[in-house]
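# Tertiary structure, described
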Amino acid sequence: RMFNSLSGSTGLGRTTRPAVDIRENENSYVLEAELPGLSPEQLELSVGADWIEISAKRELDVPEGYSPIRRERANYRFERRINLPARVDGDAVEATLRDGLLKVTLPKHASVQPRQVTIKAA
């Protein structure tokens, strides 16, 4: 149980935190998170100056007229906040969810992007 609590697992093979990859290029950070079975309506995304937070809530209902014989899929809720190495432009963030993969592009703030300086002749 101790190892499950450290890894974010419930002990039943379900994780309470999605697997996340973050990569960087010259102009932005790109976050990808595995979120199978979730729709955009079940997700919330918040962005601060140098952090991003993903939260979701999944509730599985049994359709009317049916009674469950076996239930291995559970309702769950998670929140995950990730600190970024530098400031991002929160107004230009773009996010898509396709085939259970959330992709978030976080453009770097202008103050942290490299700038070319023009040299004038004296």
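Refer to the preceding data block for the structure.
Residues numbered from 1 in each chain as written. Predicted model: local features only at pLDDT ≥ 70, side-chain atom pairs only at ≥ 80, totals over all residues. Heavy atoms only, no water.

### Here's the deal with the overall build of the chain
What the chain contains, in helices and strands, is one helix and seven strands. Starting at the N terminus and ending at the C terminus, the chain contains elements arranged as α-β-β-β-β-β-β-β. Classification of the 122 residues of the chain by burial places 24% in the buried group. Of the contacts made within the chain by residues no fewer than 6 positions apart, 51% connect residues no fewer than 24 positions apart. (Helix = DSSP H or I, 4+ residues; strand = E, 2+ residues; numbered from the N terminus. Buried < 20%, exposed > 50% of the residue type's maximum accessible area, 1.4 Å probe, protein only. Contact = heavy atoms within 4.5 Å.)

### Re the nonpolar core
In summary, soluble globular proteins display a tendency toward joint burial of nonpolar side chains. Membership of the largest hydrophobic core comes to 17 residues, with the highest contact counts inside it found for Leu31, Leu35 and Leu106. Mapped by element, the contributors of at least two residues to this core are β2 (28-34), β4 (51-58), β5 (76-83) and β7 (101-107). Apart from residues lying up to four places away in sequence, Leu31 is in contact with Val20, Asp21, Ile22, Ile52, Ile54, Ile82, Leu102, Lys103, Val104 and Leu106. (Core = buried A, V, L, I, M, F, W, Y, C linked by side-chain atoms within 4.5 Å.)

### Description of the side chain of Arg80
Structurally, Arg80 is set in strand β5. The side chain of Arg80 is buried and forms no salt bridge, while Asp21, the nearest opposite charge, is found at 8.6 Å. A polar contact of 2.7 Å, which involves the side chain of Arg80, links it to the backbone oxygen of Pro18. Non-local contacts of Arg80, meaning those with residues more than four positions away in its chain, are made with Arg17, Pro18, Val20, Ile52, Glu53 and Ile54. (Lys, Arg positive; Asp, Glu negative; His and termini not counted. Salt bridge = Lys/Arg side-chain N within 4 Å of Asp/Glu carboxyl O. Polar contact = N/O pair within 3.5 Å; in protein donor to acceptor, adjacent residues only side chain to side chain.)

### Describing the pattern of salt bridges
For the coordinates displayed, the defined rule picks out six salt bridges. The salt bridge partner of Arg77 is Glu79, with a shortest N-O separation of 3.3 Å.

### Structural notes on the side chain of Lys108
Here Lys108 lies in the segment after β7. When its relative accessible area of 9% is taken as the criterion, Lys108 is described as buried. A polar contact of 2.6 Å, which involves the side chain of Lys108, links it to the side chain of Glu24.

### A look at the sheet that holds β2
Spatially, four strands are ordered β1-β2-β7-β6 in an open sheet, and the strand pairing comes out antiparallel. Only two strands of the sheet have a single partner each, and these edge strands are β1 (20-24) and β6 (94-98). When the angles between neighbouring strand axes are averaged without regard to direction, this sheet yields 15 degrees. Across five bridges, the pairing between β6 and β7 is antiparallel. (Pairing = 2+ DSSP bridges. Axes fitted to C-alpha atoms, helices over the stretch in contact; angles between N-to-C directions.)

### Some remarks on the pairing of β1
Sheet analysis places β1 next to β2, joined by five bridges and oriented antiparallel. From the neighbouring strand, Glu24 faces β2, where its bridge partner is Tyr29.

### Concerning the sheet that holds β4
Each strand in a sheet pairs with another by means of backbone hydrogen bonds, the pair being arranged parallel or else antiparallel. Read across the sheet, three strands follow the order β3-β4-β5 without closing on themselves; strand pairing throughout is antiparallel. Here the strands that pair on one side only, and so sit at the sheet edges, are β3 (43-47) and β5. When the angles between neighbouring strand axes are averaged without regard to direction, this sheet yields 10 degrees. Bridge count between β3 and β4: five bridges; the pairing is antiparallel. Its bridge partner lying in β4, Val47 is registered against Ile52.

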